Amino acid sequence: MTQLAAAPSPRMKPAPARSRQGFWPAPTGKPVGAGVEDTPSLLNRLQIIGIATVLAFGLLSALIQFLSYQSDGRAADDTEQLVRVQEIQSTLLRADAIATNLALIGGSGDPEQIADRDTEYDAAIARVFTLIAQAAEAQPADENALAALNVEVSAYATAIAEARSNLRQNWPVGKEYLSGASAALRADALPILENLVTANSERADDSMGGQHPFWLLLVGLAAVGVLVWLNLQLARRFRRYVNVGVAVAGVIVVVTTLVAAIAAWRADSQNDGLQDEELRMAVDQAEARTAGNDAKAYESLRLVKRGSGATYEPLWQESAEVVTDVADRSILDEWEAYVAKHEAIVRSDNEDLRGPALRVATAAGANGSNAPFDAFDAAAQKLVDDNAATTTDELRAGRTLALIGSLLTVVLGFAAAVAVARGIGARRREYA
Amino acid sequence: MRLSAKVAAATAAVALLVSACGYDETPLPEEKKAVAPESKPDCETPDESGTDPVASYNPGEGVPTGPKLDEIRGRERLIVGVSADTYLMGSENPELGNRIEGFDIEFAKAIGRAIFGDEFETGRNLELRVITAAQRIPLLEEGELDLVIRNFTINSERWGCIAFSAEYYHASQKVLVGTSLADGDEENGEYHDPSDLAGLRVCAPTGSTSLSRIQDLEPDAITEPASNHTGCLVKFQRGEVDAITGDDTVLAGLAAQDPYAVVPEQQPLSAEPYGIGVNQNDVDLVRFVNYVLEEMQTGAWDAAYRRWLQPLLDPERDDDVEQPTPVYGR
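Predicted model only: the values in this text are computed from it and were never measured.

Asker: What's the story with the sheet that holds strand S4 (residues 99-101) of chain B in this structure? I'm lost.
Answerer: In a beta sheet, neighbouring strands are held together by backbone hydrogen bonds and run either parallel or antiparallel to one another. All names here are of chain B. Taken in spatial order, the three strands line up as S2-S3-S4 in an open sheet, and their pairing is antiparallel. A strand with exactly one partner marks an edge of an open sheet, and here the two such strands are strand S2 (85-86) and S4. With three bridges joining them, strand S3 (residues 90-93) and S4 adopt antiparallel strand pairing. Looking at S4, one finds that asparagine 93 is bridged to arginine 99.

Written out as structure tokens, the structure reads:
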């Protein structure tokens, strides 16, 4: 190793250590104050301190980066789980919107239309059960809540089957089963889903905030501080301004810290961007889809329970406000087209024009409210799918860099430790 | 050795830190508190000691007239609050374009025909507005409805808020049970009177007098409230209750929807005189309704009863059910 000053003569004895504050050694290889302090022991201590410092730096810095790697992975998983429970929420209300609409069509409606809506309802309920199973596997902390939800969804599906069986025979009790099932869905199942959405939103937010550039800088600065101190101690005793080994270790620490901190800062900014844009969009459109289906179910329920417009219309308005508040502009046209049909239904129903109201509420084509609503529902779901996929893909893509950085930091920490050992070893050889 | 112990401890600490990323369990919603029953309108019982609650206003001689009748004729529309889910009394018929039909509806049509004469058309001159039981008095008081014909029991307290026509049907509180409690097999348990309800679960609408009355008659009966009588039928079909109590007219409609439900021969638990509700200020309309009810004594009432209620309430036709004799005195 190249030294900046000549090595001391092997015959020279170390000077005893002197407690002189503010002393700055002359730039020679001769230990200052030799004979007072046990220099080999001092070098050993300094070497241990130096090695321990850079190793601790390497491990801590690597750990912070590894935690970031893990955090991004969790953020991707938590985001997927959040989107999954929101899909359960909106699909469940989609099933309710279809079931209540089917009740309006009645047993004497167009068999093809009934079969189509039946298939849609069955598919929605099957999708809900599949998502519940997937969600329980993906997040153990949600298991109990999902088990409780499973019970409520089963009860809902049973009640809807009972309702449809009675409605096919034109028994008024069928309407009671139907409205009771819808009410129980909102009273018992939706609060569980709201808890799941809240819990998973918090988890996703926390995980996405798992990048720590400040901690990386702090660890790096602390390591550099110790290395500077170490260098001062050596310079004081060996009349060299700079110990090359310690300096190399310092450079490794500084560069590693800067690179890791910048990478973490960039990842943090990227996560903030995803949180504010793609994830926000996915969450909002899922909320809009949920509220939209809620409104659609209320529209059918007001017609199922004749004369209940005063009860259900305020609830429709409440859900519709959520849609207009959170739905993306790109899907508002579809929503507005549906709202126009809904207003026609309300006008007819308020005048007790039952036939026209039912025709608009159940017609399969462009004359009815189902087609524009289905277009809104599909557009909202597409936005959710696209933005959720972008969020999770980017979170997973970025985390590989953090893992590589973490492993590299450990290696560099060892390299810095070797540099410190060799730098102080050179002093020991001079002394010997 | 000491060093390796320290390394092991550090490794364990790091492992703990890395693995300490478990999440708190998602909480379940808190148990919901029971919702208080819908409060009834606060009607102050009028000081009418000695007045029979079923007594109404005498229509007098000839066809009654008055400002309310003029108003109805002026707008060419009679607005009547009815039920659409009380099978046989007032419910939608999906086979007839969801037309509302039933025993109560026959009276609405008869009154409409009497007001508008030969020009009367159900769709044009009669608006059947579907209301809940809780809306009956408030909507009459607010003047939103001209009449309420929705299995409406006349009592003194309600006279404090609204006016009633003369009694148009004499209903009574009875008990509906499963066919197993009315199959003649005494060993298997049979329903004869409320004492047979001891230990059984009996359903009636939340806060209803039917529920409290059954509790008074048989304290060992387990009362199970539901939001309405159809809600009781849902509970009955799910095996959550063993019996339903309420007006015989309502119970007949429930029994018609379930082959395993029956209203056995029994003594009525109470009298439920049905009247047509009118705003207190529309005395001319009350007199007119009473005039129409008297006109229906010539056969229209009997036809309505035979069409809607007799097949289920009196299938053997061994009861001599007649239109209640009107009582006047206000």
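Asker: For this particular structure, what's the right way to read a negative patch on the surface?
Answerer: Residue and element names in this part refer to chain B. A cluster of acidic residues, Glu265, Glu316, Asp318, Asp319, Asp320 and Glu322, forms a negative patch on the protein surface. In this fold, glutamate 316 is placed in the segment after helix H12 (310-313). On the basis of relative accessibility, which here comes to 64%, the residue glutamate 316 falls in the exposed class.

Asker: Would you mind going over unusual backbone geometry with me for this structure?
Answerer: Where the residue is not glycine, phi is negative for most of them; where a peptide bond is considered, it is trans in most cases. A positive phi angle, near 65 degrees, is found at Asn170(A), a position not held by glycine. Mapping Asn170(A) onto the fold places it in the loop between helix H3 (143-168) and helix H4 (173-208). With a phi close to 20 degrees, Asn151(B) is a non-glycine residue in the positive phi region. Here Asn151(B) lies in the loop between strand S6 (147-148) and helix H6 (156-159).

Asker: Honestly, a nonpolar patch on the surface in this entry has me stumped. Any pointers?
Answerer: Residues and elements named next belong to chain A. Side chains of Leu217, Val254, Leu258 and Ile262 sit close together on the surface and give an oily, nonpolar patch of about 320 Å² of accessible area. With three residues, helix H6 (residues 244-304) is the largest single contributor of residues to the nonpolar patch. Looking at where leucine 217 falls in the secondary structure, it is placed in helix H5 (residues 213-238).

Asker: Sorry if this is basic, but what is going on with the interface of chain A and chain B here?
Answerer: Accessible area lost on assembly of the parts is the figure often given for the size of an interface. Contacts between chain A and chain B engage 39 residues on the former and 35 residues on the latter. Regarding the contact of chain A and chain B, the summed buried area is about 3,100 Å², with carbon and sulfur atoms giving 54% of it. Put simply, chain A and chain B have four salt bridges between them. For Glu92(B), the salt bridge goes to Arg354(A), with nearest N and O atoms at 2.6 Å. Across the contact surface, chain A and chain B share 16 residue pairs in polar contact (both at pLDDT 80 or more). Mapped onto the side of chain A that touches chain B, the elements with two or more residues apiece are helix H1 (39-105), H3, H4 and helix H9 (354-362) of chain A. Among the elements that line the side of chain A that touches chain B, the one with the most residues is H4(A), at 13 residues. Grouping the constituent residues of the side of chain A that touches chain B by class yields 18 nonpolar, eight polar and 13 charged.

Asker: Looking at this structure, how should I read the state of the cysteines?
Answerer: Such a bond, covalent and formed between the sulfur atoms of two cysteines, is termed a disulfide. Residue and element names in this part refer to chain B. Going through the model one piece at a time under the given rule, you end up with one disulfide over all chains. For cysteine 203, the disulfide goes to cysteine 232, at an S-S distance of 2.1 Å. What sets the handedness of the cysteine 203 and cysteine 232 disulfide is the S-S torsion sign, and at about -75 degrees it is left-handed. With cysteine 203 in strand S9 (residues 201-205) and cysteine 232 in helix H8 (residues 229-237), the pair connects residues that are 29 residues apart, well separated along the chain. Under the relative-accessibility criterion, cysteine 203 is labelled buried at 0%.

Asker: What should I look at first to understand the domain arrangement of chain B in this one?
Answerer: Residues and elements named next belong to chain B. Split into domains, chain B comes out as domain 1 (67-168 + 275-313) and domain 2 (172-270). Computed over C-alpha atoms, the centres of domain 1 and domain 2 are 28 Å apart. Contacts between domain 1 and domain 2 engage ten residues on the former and nine residues on the latter. Among the residues domain 1 hides against domain 2, the three largest losses belong to Tyr87, Leu312 and Leu313. Together they make up 52% of the total.

Asker: Explanation requested: the packing of aromatic side chains in the structure shown.
Answerer: How two aromatic rings sit relative to each other is given by the distance of their centres and the angle of their planes. Residue and element names in this part refer to chain A. Applying the stated criterion across every chain, the model contains 25 aromatic pairs over all chains. Taking the centre distance of 5.1 Å and the plane angle of 50 degrees together, the rings of tryptophan 335 and tyrosine 338 count as tilted. Within this pair, tryptophan 335 and its partner tyrosine 338 are both found in helix H8 (residues 329-350), separated by three residues, close to a single helical turn. Accessibility expressed as a relative area gives 1% for tryptophan 335, which makes it buried.

About the criteria used
- Residues numbered from 1 in each chain as written.
- Chains lettered and ligands numbered in written order.
- Predicted model: local features only at pLDDT ≥ 70, side-chain atom pairs only at ≥ 80, totals over all residues.
- Heavy atoms only, no water.
- Pairing = 2+ DSSP bridges.
- Helix = DSSP H or I, 4+ residues; strand = E, 2+ residues; numbered from the N terminus.
- Patch = residues over 30% accessible without salt bridge, like charges linked within 9 Å, V, L, I, M, F, W, Y side chains within 5 Å.
- Areas by Shrake-Rupley, 256 points an atom, 1.4 Å probe, with all protein chains shown as cover.
- Salt bridge = Lys/Arg side-chain N within 4 Å of Asp/Glu carboxyl O.
- Lys, Arg positive; Asp, Glu negative; His and termini not counted.
- Charge placed at Lys NZ, Arg CZ, Asp CG, Glu CD.
- Buried < 20%, exposed > 50% of the residue type's maximum accessible area, 1.4 Å probe, protein only.
- Contact = heavy atoms within 4.5 Å.
- Buried area = accessible area lost by both parts, 1.4 Å probe.
- Polar contact = N/O pair within 3.5 Å; in protein donor to acceptor, adjacent residues only side chain to side chain.
- Nonpolar A, V, L, I, M, F, W, Y, C, P; charged D, E, K, R; others polar.
- Disulfide = S-S within 2.5 Å.
- Domains from an automatic or database assignment.
- Phe/Tyr/Trp six-rings, centres within 6.5 Å; stacked < 30°, edge-to-face > 60°.

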